[in-house]
Amino acid sequence: MFKAVYNWIDERLDVAPLWRDVADHEVPEHVNPAHHFSAFVYCFGGLTFFITVIQILSGMFLTMYFVPDINNAYASVDYLQHKVAFGGIVRGMHHWGASLVIVMMFLHTLRVFFTGSYKAPREMNWVVGMLIFFVMLGLGFTGYLLPWDNKAYYATKVGMQIAESVPYIGVYLKELMQGGTIVGAQTLTRFFAIHVFFLPGALLALLAGHFFMIRKQGISGPL
Amino acid sequence: MAHGHKSDEKIVYVGDSRIRKRTNKNSVPPDYTAFPGKSEVFIPNFLLKEWLVGCVVLVGFLVLTISEAPPLGYPADPTNTAFIPMPDWYFLFLYQYLKYPYASGDYVVLGSVFVPGIAFGALLLAPFLDTGKERRFYRRPVTSALMILSLISLVYLTKVSWDHYQHELEITNTVPEHIEREEKAREAAEKGESFSAVKKEEPVALVDANDPAMDIAKAAKCITCHSPDLNGNPKAKVPSLHGIGDVYSKEELVNIVTNGNGGMPSFKDTLSAAEIDQLTTWLAKQKKAQ
């Protein structure tokens, strides 16, 4: 049945080469924890992606209840966490996943750094990876404001003061991010849009580039 | 041919210039035979093992999620001056760093732009700074030393920042709001009450709404300004008389009604002393139900 469906599609679209490019490749021994336990350090990249998928899925469910508006944001998070069935779990996954993704990405970065895997010909993949890192930090910063409790509000205020201290453009940068002269209603909607649309879009594009390059160049050889 | 037969030429044309001779240098992943040892196919053999690792991580993650509720404090209040700001843990190193004298005040540009800019810029461009062929970290001492130094400072700054936060909580005798909120919610749940951190202004009901004093209020035209239900007129800054007993004592109310207060006229001539006494006795009873 599955085979027949596959053949039917393959006849029309010739997907076999595409499928081979994505999936049909060998995994060398030196990155396989089944052969060398210490090779678990090569798992961190995959786990980062795994947690990222969890973040995207849990985030999608959170937006079903979250209201990006200063009167209702807190109340909607409160309701989501304490009244909605499994809402606490979904918010918990998104909250702890945000930290975990940073941890995993950090470990992945260190693995790539200390195994010298960023060296030629993989320079571009390192740069894209660092851009992913910055996007993730941006997601962390914007997402922190959304529950609109005191912690969120004052942390964002501190962040804005830091942005303001940048010479010449700082003031404009701050107003652009805040959407005005204070951290308020505009800031919340702006951060919500950045957190939910802008940065995830950039993240997906960068991830596509990251994966395309690793498939094209293959994993770096043993040390 | 203009370029001759140089071997490092990216595109080598053979006869027909539209057909590229593929050199495949660096562009195709090395065949597994390029690496020594036991390779295995990605799908399904390796992927199944990787999923096992994923499952272990997922179980650990869900245990954390279920055992530790995500923190939620009280609604943001811009007038709160006592709140100790705290960014998420992975920004703490920067937060702490910016507190040092040479990274703040007059030198804030050094702290907020130059040092992080150089550090993160160097990290971003690492492959172009560390261009040697050597990959083993112990054979590239400068690069590795810089990274290890950065890691030590990251851990140190984060730790100092966290300790400072704990210290501040201690000297101000503050319980972090998300903990306080959770505690109060738990106490309320034990008593079988509902708990909400969202403050709602509950309307205060009139006490003894059928008291004869209400007729005095009507007759004396109190209701022209304070509105027929005595809820006041917030736009004209006329206060509500609901719960007025919580604001003023009877003596103060007698004084206000007799002599007027701000925009309110004196009722000395309209009402008799007995009527004022009766009215203010009733008004003093207007307290919020406990």
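Going along each chain's sequence as written, the residues are numbered from 1 onward. Starting at A for chains and at 1 for ligands, labels are handed out in the order in which the entities are written. The predicted nature of this model means local features are confined to residues of pLDDT at least 70 and side-chain atom pairs, given and counted, to a pLDDT of 80 or more, with totals for whole chains, interfaces and linings taken over all residues. In computing side-chain properties, one takes all heavy atoms of the structure into account and sets aside hydrogens as well as water.

S.K.: Even after reading the chapter, I still don't get the overall build of chain B, so can you show me in this structure?
M.R.: Starting at the N terminus, helices and strands are each numbered in turn, a helix being any DSSP run of H or I of at least four residues and a strand any DSSP run of E of at least two. Each helix and strand in chain B was counted, giving 10 helices and 3 strands. Along its sequence from the N terminus, chain B presents helices and strands in the succession β-β-β-α-α-α-α-α-α-α-α-α-α. Burial here depends on accessible area, computed with a 1.4 Å probe over protein chains only, as a share of the maximum for the residue type. Under 20% is buried, over 50% is exposed, and the range in between is partly exposed. Burial status across chain B gives 29% buried among its 290 residues. Within chain B, contacts between residues at least 6 apart in sequence are counted, and of these 53% link residues at least 24 apart. For accessible areas, the Shrake-Rupley method is used with a probe of radius 1.4 Å. Any residue's cover is judged against the shown protein chains and nothing else. Surface summary for chain B: the accessible area is close to 19900 Å², and the carbon and sulfur share equals 61%. Residues count as neighbours in contact if any of their non-hydrogen atoms are within 4.5 Å of one another.

S.K.: Whenever I open this one, empty space enclosed by the protein confuses me. Can you help?
M.R.: Where empty space is left in the structure can be found by rolling a water-sized probe over the atoms. Residue and element names in this part refer to chain B. In the cavity and pocket records, a cavity denotes points on a 1 Å grid over the protein atoms alone where a 1.4 Å probe fits but cannot get out, a pocket denotes an open set with protein on both sides within 12 Å along at least 5 of 7 lines, and lining residues are residues with an atom within 4 Å of a point. Grid points are joined across faces, edges and corners, and a volume is the space filled by probe spheres set on the points. With the rule as written, the count across this model stands at 1 cavity of 30 Å³ or more. Every residue along the wall of the largest cavity is listed here: Ile 84, Pro 85, Met 86, Tyr 95, Lys 99, Ser 161, His 164, Tyr 165 and Glu 168. Here the lining of the largest cavity gets 4 residues from one element, more than from any other, and that element is helix H5 (residues 141-171). The residue makeup of the lining of the largest cavity, split by class, is 5 nonpolar, 2 polar and 2 charged. Classification used: nonpolar for Ala, Val, Leu, Ile, Met, Phe, Trp, Tyr, Cys and Pro, charged for Asp, Glu, Lys and Arg, polar for all others including Gly.

S.K.: So what exactly am I meant to see when it comes to the packing of helix H6 (residues 123-145) of chain A against helix H9 (residues 185-217) of chain A here?
M.R.: Packed helices, taken two at a time, are described by the angle between their axes plus the distance between the axes. All names here are of chain A. Contact geometry for H6 and H9: axes closest at 9 Å, N-to-C directions at 160°. The pairing of H6 with H9 is recorded here as roughly antiparallel in orientation. As H6 packs across H9, the resulting crossing turns out to be left-handed. Within the contact of H6 with H9, the residues separate by chemical class into 19 nonpolar, 10 polar and no charged. Here an axis means a line fitted to C-alpha atoms, over the contact stretch when the element is a helix, while the angle between two N-to-C directions is reported on a 0 to 180 degree scale. Working definition: roughly parallel below 35 degrees, roughly antiparallel above 145 degrees, roughly perpendicular at 65 to 115 degrees, and oblique for all remaining angles. For any helix crossing, the convention is left-handed if the near helix is rotated counterclockwise from the far helix by under a right angle, and right-handed if that rotation is clockwise.

S.K.: Would you explain the domain arrangement of chain B in this entry?
M.R.: Boundary definitions for the domains trace back to an automatic or database domain assignment. The domains assigned to chain B are domain 1 (37-67), domain 2 (89-173) and domain 3 (213-284). For domain 1 of chain B versus domain 2 of chain B, the distance between C-alpha centres works out to 32 Å.

S.K.: Which parts of the structure should I look at to understand the interface of chain A and chain B?
M.R.: With 80 residues of chain A at the contact, the number on the chain B side is 79 residues. Interface area lost by chain A to chain B is led by Tyr74(A), Trp96(A) and Phe114(A), which between them contribute 10%. Salt bridge, as used here, is a side-chain nitrogen of Lys or Arg placed within 4 Å of a carboxyl oxygen of Asp or Glu. We note a salt bridge from Lys119(A) to Asp130(B), for which the minimum N-O separation is 3.1 Å. Any N or O atom pair separated by 3.5 Å or less is treated as a polar contact, with the protein-specific requirement of one donor-capable and one acceptor-capable atom, and with residues adjacent in sequence counted only for side-chain atom pairs. Remark: the boundary between chain A and chain B carries 32 residue pairs in polar contact (both at pLDDT 80 or more). Every element with two or more residues in the side of chain A that touches chain B is listed here: helix H2 (16-23), strand S1 (26-27), helix H3 (44-62), helix H4 (73-82), helix H5 (87-114), H6, helix H7 (150-164) and H9 of chain A. A total of 18 residues in the side of chain A that touches chain B trace back to one element, the largest contributor, which is H5(A). Within the side of chain A that touches chain B, the residues separate by chemical class into 49 nonpolar, 21 polar and 10 charged. Where S1(A) and strand S3 (residues 40-41) of chain B come together, 2 bridges link them in antiparallel fashion. Here the quantity called buried area is the accessible surface, traced with a 1.4 Å probe, that two parts lose on coming together, added over both. Here a strand pair is declared whenever DSSP counts at least two bridges between the two strands.

S.K.: Teacher, can you tell me more about a nonpolar patch on the surface here?
M.R.: Residues and elements named next belong to chain A. Note that patches include only residues with greater than 30% relative accessible area and no salt bridge, and the join distances are 9 Å for like charges and 5 Å for nonpolar side chains (Val, Leu, Ile, Met, Phe, Trp, Tyr). A cluster of nonpolar side chains, contributed by Phe 49, Val 53, Ile 56, Leu 57, Met 60, Phe 61, Met 64, Tyr 65, Tyr 79, Leu 204, Phe 211 and Ile 214, occupies part of the molecular surface with about 1100 Å² of accessible area. Those elements that place two or more of their residues in the nonpolar patch are H3 and H9. It is H3 that contributes the most residues to the nonpolar patch, 6 residues altogether. Among the residues examined, Tyr 79 registers a relative accessible area of 46% and is labelled partly exposed.

S.K.: Even after reading the chapter, I still don't get the UniProt feature "domain: Cytochrome b/b6 N-terminal region profile" (unreviewed entry) in chain A, so can you show me in this structure?
M.R.: UniProt positions are given in the numbering used here, feature names are shortened, and annotations may be inferred rather than shown by experiment. UniProt marks residues 5-223 of chain A with the feature "domain: Cytochrome b/b6 N-terminal region profile" (unreviewed entry), using the numbering shown here. Structurally, residues 5-223 of chain A comprises 70% helix and 1% strand, and the distance from its first C-alpha atom to its last is 43 Å.

S.K.: What is the right way to read the environment of Lys237(B) from this model?
M.R.: Residue and element names in this part refer to chain B. Tracing the chain through its elements places Lys 237 in the loop between helix H8 (222-226) and helix H9 (250-259). For Lys 237, a relative accessible area of 74% gives the class exposed. Note: C-alpha distance between Lys 237 and Ala 126 (111 residues apart in sequence) is 65 Å.

S.K.: Please clarify how the confidence of the model for chain B should be interpreted in this entry.
M.R.: Predicted coordinates in regions of low pLDDT should not be interpreted in detail. All names here are of chain B. Within a predicted model, pLDDT stands for the predictor's per-residue confidence, ranging from 0 to 100. Chain-level pLDDT for chain B is 84 on average; 86% of the residues reach the 70-or-more range. At the low end of the mean pLDDT range in chain B sits strand S2 (residues 16-21), at 60; at the high end sits H5, at 96. Reported confidence for the predicted complex is 0.92 by ipTM and 0.79 by pTM.

S.K.: Whenever I open this one, the nonpolar core confuses me. Can you help?
M.R.: The nonpolar side chains of a soluble globular protein tend to be buried with one another. Within the largest apolar cluster, 36 residues are counted, with the highest numbers of intra-cluster contacts made by Ile102(A), Trp126(A), Ile132(A), Met136(A), Leu203(A) and Met147(B). Taken together, the elements giving at least two residues each to this core come down to H3, H5, H6 and H9 of chain A together with helix H3 (108-124) and H5 of chain B. The element best represented in this core is H6(A), accounting for 10 residues. Setting aside residues no more than four positions away along its own chain, Met136(A) makes contact with Thr52(A), Val101(A), Ile102(A), Met105(A) and Leu203(A). As used in this record, nonpolar core signifies buried Ala, Val, Leu, Ile, Met, Phe, Trp, Tyr and Cys residues forming a set joined through side-chain atoms within 4.5 Å. Formed by 20 residues, the second largest nonpolar core is a distinct cluster that contains Leu146(A), Met160(A), Ala76(B) and Phe83(B).

S.K.: What's the story with the UniProt feature "transmembrane region" (unreviewed entry) in chain A in this structure? I'm lost.
M.R.: Residues annotated in UniProt with the feature "transmembrane region" (unreviewed entry) correspond here to residues 39-67, 96-114, 126-146 and 192-214 of chain A. Helix makes up 95% of residues 126-146 of chain A and strand 0%. Its end C-alpha atoms lie 31 Å apart.

S.K.: What should I look at first to understand the packing of H9(B) against helix H10 (residues 273-284) of chain B in this one?
M.R.: All names here are of chain B. With their axes 9 Å apart at the nearest point, H9 and H10 run at an angle of 130° to one another. Here H9 is positioned oblique relative to H10, judged by the angle of their axes. Crossing of H9 against H10: the hand is right-handed. Between H9 and H10, the residues in contact are Lys 250, Leu 253, Val 254, Val 257 and Thr 258 and Ile 276, Asp 277, Thr 280, Thr 281, Leu 283 and Ala 284, respectively. Among the residues making up the contact of H9 with H10, the classes are represented as 6 nonpolar, 3 polar and 2 charged.

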